[in-house]
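Here is what each chain is made of, one letter per residue.
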Amino acid sequence: MNKLWIQLTVAFGLVTLTGVLIVALLTNMQVSSEFRSFVAQSQVQGSPLLSELSDYYAQHASWQGAETLLREFTATRRGAIGRGGPSIVLADSSGHIIYSDTPNQVGTTLAPADRAAATAIPANGQTAGYLLIRAGAGGAMSPAGQQFLARVNRSLLQAGVLAGVLGLILGLIIARNLAAPLSRLSTAAGQVAQGKFDQRVPIAGAAEVADVARAFNDMAAGLQQSEQLRQHMIADIAHELRTPLTVIQGNLRALLDDVYPLEKGEIATIYDETIVLNRLVSDLRELAKAEAGQLELHMHPLDTSALLRSALAPFEVNAAAQGIAIATQLPATLPTAQADPERVRQVLRNLLANALRYTPAGGTITLSAAQAANAGWLRVAVCDTGAGIAAADLPHVFERFWRADRSRSRDQGGAGLGLAIAKQIVEAHGGQIGATSEPSQGSEFWFTLPIADM
Ligand code: ADP
């Protein structure tokens, strides 16, 4: 009983029933009153009363004494129409009531509606007065009249029942149609709650219901995506942890089994793997913190040029050793940035390390900074003439654990987390990060930082 479609059907049924009852009642009342008036009118028109009254006025030039005529008429005709009627009203040419068989009407004036309905009585070529016949209030009717009214009432009842049944059927169809998408939604929501995130509902029904269905599908898609991300992340973490662990385990086993001699060189290999493990774990911790919005930023105005130069300095020795030139394009005066210097250095370290890693000897790495196109922002860029990134790979470079060439990067210690962390740091500053690249030409990685209000 508390199902929506049942409640809607009952409501539709009740509304239809009430409407049909009211219409039937009003029609019944109207039809019987109109019918009585019609019968009364036709009796008067079929009687000599009108011409009698006309002759009377022609003879007497007044209505005085005309009551006798009317009383006679009433007395003879009443039985045919019923005890209640008809009621007869006679008014003079100016509408003053001279005779009425309804009490207290004599001396008053005919209402305009009554005057319009009344029959004019002609005498001497003028309107001498008005005769108004109204149906009586009720009482017994002639058997033919009663049969007529009974037939009308039966037809009304049949029409009412038909309308009621049609209303109920229509109500049932509409209610089922309204409730169906909602029950589909609730079934799908139940499935999602049990972890089946591939559930979708058809966008159907009224605009509001379709909106809810659309929102549900978006929500389910979002949940499915984050579940997939979660699963991939766990798989990636397990994969990344397994490699150094396998190396450590294998080397330790070899040392224990005397396959390798117990020498510092062998232990150093194992130690290097623990460094990889440690870096991976701390990167993961950092990323998790950043994604949870828990990255602590100590923002203050920074001398941008000085910060960029100090971040670049540690790479100069390595670059020189690899035969890579380092250039800067920093204007003489750069606006002061409002940022956390340690975090900005971390982003730069990652971009510069990548540039060094993917640029062959003879290449150039350029660090540049300038006011960004949108006011209030600084644009910092690290440009290299290295391997570049394929267009299909470019949209993925900021995803966690993504690497263009898994085996190669791992050899060099990268787990594909550096750019994901850089993105989180830049976005925590309110800035943007992006990359453009041309395979075998080089890449540009850029990010924006807010300019301090002075
Ligand atoms: P990783 O620790 O592997 O370097 P990153 O998140 O820093 O992880 O980079 C993700 C991937 O993006 C890299 O594995 C590499 O394939 C690609 N990449 C990043 N920087 C560059 C670059 N300057 N030139 C070419 N490829 C790059």
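Residues numbered from 1 in each chain as written. Predicted model: local features only at pLDDT ≥ 70, side-chain atom pairs only at ≥ 80, totals over all residues. Heavy atoms only, no water.

Asker: How should the pattern of salt bridges be read in this particular structure?
Answerer: When the charged atoms of two side chains with opposite charge come close together, those side chains can pair. Applying the stated criterion across every chain yields a total of 9 salt bridges. Residues E240 and R403 are paired through a salt bridge, measuring 3.2 Å at the closest nitrogen-oxygen approach. Residue E240 is found in helix α6 (residues 207-256), and its partner R403 is found in the loop between β9 (377-384) and α10 (406-411); the two are separated by 163 residues along the sequence. Of the residues examined, R403 reaches a relative accessible area of 8% and is grouped as buried. We note a salt bridge from E286 to R343, for which the minimum N-O separation is 2.9 Å. Residue E286 is found in helix α7 (residues 264-291), and its partner R343 is found in helix α9 (residues 341-358); the two are separated by 57 residues along the sequence. Note on R343: relative accessible area 13%, which makes it buried. (Salt bridge = Lys/Arg side-chain N within 4 Å of Asp/Glu carboxyl O. Helix = DSSP H or I, 4+ residues; strand = E, 2+ residues; numbered from the N terminus. Buried < 20%, exposed > 50% of the residue type's maximum accessible area, 1.4 Å probe, protein only.)

Asker: Would you explain the packing of aromatic side chains in this entry?
Answerer: Where two aromatic rings form a pair, the distance of their centres and the angle of their planes describe that pair. Counting across every chain of the model gives 3 aromatic pairs. Here F398 and F445 contribute two aromatic rings whose centre-to-centre distance is 6.1 Å and whose plane-to-plane angle is 70°, an arrangement assigned as edge-to-face. In this pair, F398 is assigned in the loop between β9 and α10 and F445 in strand β11 (residues 442-450), connecting sequence segments 47 residues apart. By relative accessible area, which is 9% here, F445 ends up buried. In this structure, R176 is placed above the aromatic ring of W5, and the distance from its NZ or CZ to the ring centre is 4.3 Å. (Phe/Tyr/Trp six-rings, centres within 6.5 Å; stacked < 30°, edge-to-face > 60°. Lys NZ or Arg CZ within 6 Å of the ring centre and 35° of its normal.)

Asker: Is there a simple way to explain the site of the ligand in this structure?
Answerer: Inspection of the region around the ligand gives 21 residues, with N354, R357, D384, A404 and L419 positioned closest. In the environment of the ligand, an oxygen atom lies 3.4 Å from a nitrogen or oxygen atom belonging to the backbone of G418. Elements represented by at least two residues in the shell around the ligand include exactly α9, α11 (418-428) and β11. For the shell around the ligand, the leading source of residues is α9, giving 5 residues. (Near = heavy atom within 4 Å. Polar contact = N/O pair within 3.5 Å; in protein donor to acceptor, adjacent residues only side chain to side chain.)

Asker: In this structure, what is going on with the environment of L49? I would like to understand it.
Answerer: Mapped onto the elements, L49 comes out in helix α2 (residues 49-60). Sequence separation between L49 and L178 is 129 residues, and the spatial gap between their C-alpha atoms is 65 Å. For L49, the residues in contact, after removing those within four places along its chain, are L69, L70, F73 and L131. (Contact = heavy atoms within 4.5 Å.)

Asker: Please clarify how the pairing of strand β3 (residues 119-123) should be interpreted in this entry.
Answerer: Strand residues, when the strand is regular, have side chains that alternate between the two faces of the sheet. With 5 bridges connecting them, β3 and strand β4 (residues 126-134) associate as antiparallel partners. Within the sheet, the bridge partner assigned to A120 lies in β4 and is Y130. Following β3, the chain reverses through 2 residues before pairing antiparallel with β4; N124 in that reversal takes a positive phi of roughly 50°. (Pairing = 2+ DSSP bridges.)

Asker: How should I be thinking about unusual backbone geometry in this particular structure?
Answerer: Trans is the common state for peptide bonds, and a negative phi is the common state for residues other than glycine. With a phi close to 55°, A61 is a non-glycine residue in the positive phi region. Along the chain, the position of A61 falls in the loop between α2 and α3 (67-81). With relative accessibility at 55%, the residue A61 sits in the exposed group.

Asker: So what exactly am I meant to see when it comes to the nonpolar core here?
Answerer: As a rule of thumb, soluble globular proteins bury nonpolar side chains together. Residues L308, L348, V382, L417, F445 and F447 are the most contacted members of the largest nonpolar core, which totals 50 residues. Counting residues per element, this core draws most heavily on α9, which supplies 7 residues. Each residue touching F447, except ones within four places of it in the same chain, is listed here: V344, V347, L348, L351, L378, R379, V380, V426, Q432 and I433. Formed by 17 residues, the second largest nonpolar core is a distinct cluster that contains A66, L70, L90 and I133. (Core = buried A, V, L, I, M, F, W, Y, C linked by side-chain atoms within 4.5 Å.)

Asker: Help me out: how do you make sense of the sheet that holds β9 in this one?
Answerer: What holds strands together in a sheet is hydrogen bonding between their backbones, with the strands either parallel or antiparallel. Read across the sheet, 5 strands follow the order β6-β8-β9-β11-β10 without closing on themselves; strand pairing throughout is mixed. In this open sheet, the two edge strands, each paired with only one partner strand, are β6 (325-329) and β10 (433-438). Here the average twist between neighbouring strands, direction ignored, is 15°. In the sheet, β6 pairs with strand β8 (residues 364-371) via 5 bridges, with the strands oriented parallel. Each bridged residue has a counterpart across the sheet, and for A325 the counterpart in β8 is T364. (Axes fitted to C-alpha atoms, helices over the stretch in contact; angles between N-to-C directions.)

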